[in-house]
Each structure stands twice: as C-alpha cells, then as structure tokens.
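So you can see what is in the structure, the chains are spelled out below.
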Amino acid sequence: MTGPVILEATRAGVRTLTLNRPDKLNAANDALLLALTDALRRADTDAQARVVVITGAGRGFCAGQDLGDVSGRDMTFTEHLNHTYNPLIRTIRTLSKPVISAVNGVAAGAGASLALAGDLRVWAQSASLIEVFSNIALVPDSGSTWFLPRLVGYHRAFELMALAERVRADDALRLGLCEQVFPDDTFQEAVQAYAERLAARPAHALNLTKQALVAGMTSTLDEALDQEAALQQLAGDHWEHEEGVTAFKEKRTPQFIRET
Ligand code: LHQ
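Keep in mind that what you see is a predicted model, and the values were worked out from it rather than measured.

1. So, the packing of helix H3 (residues 110–117) against helix H4 (residues 144–152)
Here comes step 1: The contact between H3 and H4 brings their axes to 9 Å, and the two run at 55 degrees. Judged by the inter-axis angle, H3 sits oblique to H4. When the axes of H3 and H4 are compared, the crossing they make is left-handed. Of the residues in H4, those touching H3 at Ala112, Ser113, Leu116 and Ala117 are Ser144, Phe147, Leu148 and Leu151.

As structure tokens, this is what we get:
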C-alpha cells in the first residue's frame, strides 16, 4: 500500500476526507483512524473548511477493522477502542462543523458506525451497511449500539446486529439510516453540490444547532428548553442573525460567508 491513508481536498468550503485503502475496502488500521481523527481536528479550526465530508476511495466506504492488521493487538480490545475508534466518533460528534458521511459503497462493522455517525448521511445507490460484528462474534462498537436503535428502534437494531443482514440504499432511506441517495455515476458531484448547499448556510448557527441537537438526544424537555434559550442568545447576538433578518427585509439571499 502506498500513499496517504487519508486524502484531503478542499473545494468551495467543503473539506473532503477520503479513506484511502481501496484494495481492502478501506478497512481501518490504526494509522487510518488516527489520521482521520487528526484531519477532522484540523478541519475544525480551519476557516476554509465549513463542511466536512468523509468518504471512501474505490468501491467500499469502510469495511471496519482491518482483520489482517495486528497493530492494535498490543492493546486490549478496550484499550484499542479508547485509543482509536472512540476518539474518532467523539470528534465527529463534537466537531463545530457539519460532518457528512458520504457512503459510496459497503460500510461494515466499525465502518457502519462511521457511516451512521455523520450529522448527515448520503449514500450512493449501490452502497450498503452491515452490522457485521456478530459474524466474528464481537459486539457492535464505535457507537453502533447508540446510533442504530435511535434510528430504527431496539428490535430492528437487534435483528440487524444479530443476523448481520445487509441493508441496501433504498431500505436505508426508508429506515432513516441516510438522508439522501444519489446515483452511483454522479455520486461525488452530487455529494459536493449537497455539501456546498450546507456550506452556504450560517456556520455559527449550525454549530449551535448541532450542539443543541446532540445535547437534546440525551436530555429532558426541561433541559432542552433551557439549552435552547441559552444557545439562542448566542445565535441572536451573532452577525449572521442580523444578516439573515436584513436580507429578508431587503428581499435578497442572505450572505453567510464572510472573509475573516
Ligand atoms: C478486508 C476487510 C477487513 C481486511 C474486506 N479487513 N481486509 C474490531 C476489532 C477490534 C477492535 C475494534 O473494533 C472492531 C470493529 C470492527 O470493525 S469488527 C468488523 C470487522 N470487519 C469485518 O468483519 C468485515 C469483513 N469483510 C466482509 O465481511 C466483506 O469483505 C464485506 C461484506 C465488507 C464486503 O464483501 P465483498 O464486497 O464480497 O468484498 P470482499 O470480501 O471480496 O473484500 C474485498 C477485499 O477487501 C478482500 O481482499 P482480497 O485480497 O481477497 O481481494 C478482502 O479480504 C478485503 N477486506 N474487509 N475488514
């Protein structure tokens, strides 16, 4: 294998991070997981990146842990997860910018968790997801046990995990595992156009919205109402709000991208 395990490119405010081990369907080794987390953290503080896309090179999105790479095996399973996968999923969840999982092909095991962890999930028509862990007698990890039941309910999640059934794009859309399905042959362009739409939105307000939603996933209504009231103050005090209201009154499209 040659070349970087994560490819980075930025166009029109969209930072695309491509998992680059295509001959293994982008199965994850430690180098890939640490490089992806590092790239996400850099995107977080880079004004050129307003939206982050995670996708895969070749015909796979991510086949989960590379079962042929023993680099993690000098650690226990718990240590390995805490060293690699868990910081990655936490970084996505706490990133101040929207993260799109652009699932171009099969997403299996921890790759399925990565596919679910994006704030938005867009799939190619031929993409699929398999909670493959039970095939090798492991427990779903990297957030799958948190994301999947919230999307499909406990029972469907258990069935998908216990039987390791493959979910294809049309079913994924119906089940709420993705927001959009795009044709295979124009997938990259469609993802870029979708991400650019998001990049034109008010970045500060979307950051606060993400914080509110993430907190709301585990809070009571009372807590959510308090959280909304606090975050609304931050949004209302920001120039984006003034620009949105002014644009509305002037009957023009708001301009939420400013040089800093
Ligand atoms: C692979 C892999 C792979 C290496 C395809 N590794 N080479 C686990 C342990 C420890 C700590 C942390 O967390 C985890 C979490 C996990 O992710 S456990 C789950 C690990 N992943 C799997 O068990 C998936 C194994 N792969 C498959 O079941 C199939 O490859 C899928 C269903 C993903 C795709 O099937 P196909 O489309 O038929 O492709 P293929 O099987 O022919 O794979 C293509 C190549 O990629 C092949 O190599 P080769 O040299 O024969 O062309 C595979 O060996 C390789 N590959 N997944 N995880």
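2. Concerning the packing of aromatic side chains
Here comes step 1: Enumeration over the complete set of coordinates arrives at four aromatic pairs.
Here comes step 2: Ring centres of Tyr154 and Phe158 lie 6.4 Å apart, and the angle between their planes is 10 degrees; this geometry places the pair in the stacked category. With a gap of four residues between them, Tyr154 and Phe158 both fall in helix H5 (residues 154–163), about one helical turn apart.
Here comes step 3: A relative accessible area of 57% means that Tyr154 is categorised as exposed.
Here comes step 4: Grouped by ring-pair contacts, the aromatic residues Phe182, Phe187 and Tyr194 constitute a single cluster.
Here comes step 5: For Arg258, the ring lying beneath its charged end belongs to Trp239, and the centroid distance is 3.9 Å.

3. Here we look at the site of the ligand
Here comes step 1: Taken together, 24 residues lie around the ligand, and Ala63, Gln65, Leu67, Ala110 and Asp141 are the ones closest in.
Here comes step 2: In the environment of the ligand, an oxygen atom lies 3.0 Å from a nitrogen or oxygen atom belonging to the side chain of Arg59.
Here comes step 3: Between a nitrogen atom of the ligand and a main-chain N or O atom of Ala63, the distance comes to 3.0 Å.
Here comes step 4: Relative to its unbound accessible area of 1000 Å², the ligand is 66% covered by the protein chains.
Here comes step 5: The element best represented in the shell around the ligand is helix H2 (residues 77–94), accounting for four residues.
Here comes step 6: Of the residues contributing to the shell around the ligand, the split by class is 14 nonpolar, four polar and six charged.

4. Some thoughts on the nonpolar core
Here comes step 1: Counting 62 residues, the largest nonpolar core has Leu36, Leu40, Ile54, Ile100, Trp123 and Leu177 as its most contacted members.
Here comes step 2: Excluding its chain neighbours within four sequence positions, the residues that come into contact with Ile100 are Val51, Val52, Val53, Ile54, Leu120, Val122, Tyr194, Ala195 and Leu198.

5. Concerning the side chain of Asn26
Here comes step 1: Residue placement: Asn26 occurs in the loop between strand E2 (14–19) and helix H1 (30–44).
Here comes step 2: At 3.3 Å, the side chain of Asn26 and the backbone oxygen of Phe61 are in polar contact.

6. Observations concerning the sheet that holds strand E1 (residues 6–11)
Here comes step 1: Pairing within the open sheet is mixed, and its six strands lie in the order E1-E2-E3-E5-E7-E10. With one partner strand each, in any of the chains shown, E1 and strand E10 (180–182) form the two edges of the open sheet. Ignoring which end each strand starts from, the neighbouring axes of this sheet average 20 degrees apart.
Here comes step 2: Summarising the sheet, E1 and E2 pair through six bridges and their orientation is antiparallel. Looking at the pairing, Ile6 lines up with Leu19 of E2.
Here comes step 3: Sitting on the sheet, H3 touches E2, strand E3 (51–56), strand E5 (99–103) and strand E7 (120–124), and the angle it makes with E5 is about 130 degrees.

7. Observations regarding the domain arrangement of the protein
Here comes step 1: In terms of domain boundaries, the protein breaks down into domain 1 (6–199) and domain 2 (203–250).
Here comes step 2: A straight line from the C-alpha centre of domain 1 to that of domain 2 covers 27 Å.
Here comes step 3: Counting residues at the interface gives 12 residues for domain 1, matched by seven residues for domain 2.
Here comes step 4: Summing both sides of the interface, domain 1 and domain 2 together bury roughly 730 Å²; the carbon and sulfur share of this comes to 59%.
Here comes step 5: Notably, a salt bridge pairs Lys210 with Asp119, separated by 2.8 Å at the nearest N-O pair.
Here comes step 6: Applying the counting criterion to the domain 1 and domain 2 interface returns four residue pairs in polar contact (both at pLDDT 80 or more).
Here comes step 7: If you list the elements that add at least two residues to the side of domain 1 that touches domain 2, you get H2 and H4.
Here comes step 8: Class assignment of the residues belonging to the side of domain 1 that touches domain 2 gives a composition of six nonpolar, one polar and five charged.

Thresholds applied
Residues numbered from 1 in each chain as written. Predicted model: local features only at pLDDT ≥ 70, side-chain atom pairs only at ≥ 80, totals over all residues. Heavy atoms only, no water. Axes fitted to C-alpha atoms, helices over the stretch in contact; angles between N-to-C directions. Helix = DSSP H or I, 4+ residues; strand = E, 2+ residues; numbered from the N terminus. Parallel < 35°, antiparallel > 145°, perpendicular 65-115°, else oblique. Left-handed = near helix turned anticlockwise from the far one by under 90°. Contact = heavy atoms within 4.5 Å. Phe/Tyr/Trp six-rings, centres within 6.5 Å; stacked < 30°, edge-to-face > 60°. Buried < 20%, exposed > 50% of the residue type's maximum accessible area, 1.4 Å probe, protein only. Lys NZ or Arg CZ within 6 Å of the ring centre and 35° of its normal. Near = heavy atom within 4 Å. Polar contact = N/O pair within 3.5 Å; in protein donor to acceptor, adjacent residues only side chain to side chain. Areas by Shrake-Rupley, 256 points an atom, 1.4 Å probe, with all protein chains shown as cover. Nonpolar A, V, L, I, M, F, W, Y, C, P; charged D, E, K, R; others polar. Core = buried A, V, L, I, M, F, W, Y, C linked by side-chain atoms within 4.5 Å. Pairing = 2+ DSSP bridges. Domains from an automatic or database assignment. Buried area = accessible area lost by both parts, 1.4 Å probe. Salt bridge = Lys/Arg side-chain N within 4 Å of Asp/Glu carboxyl O.

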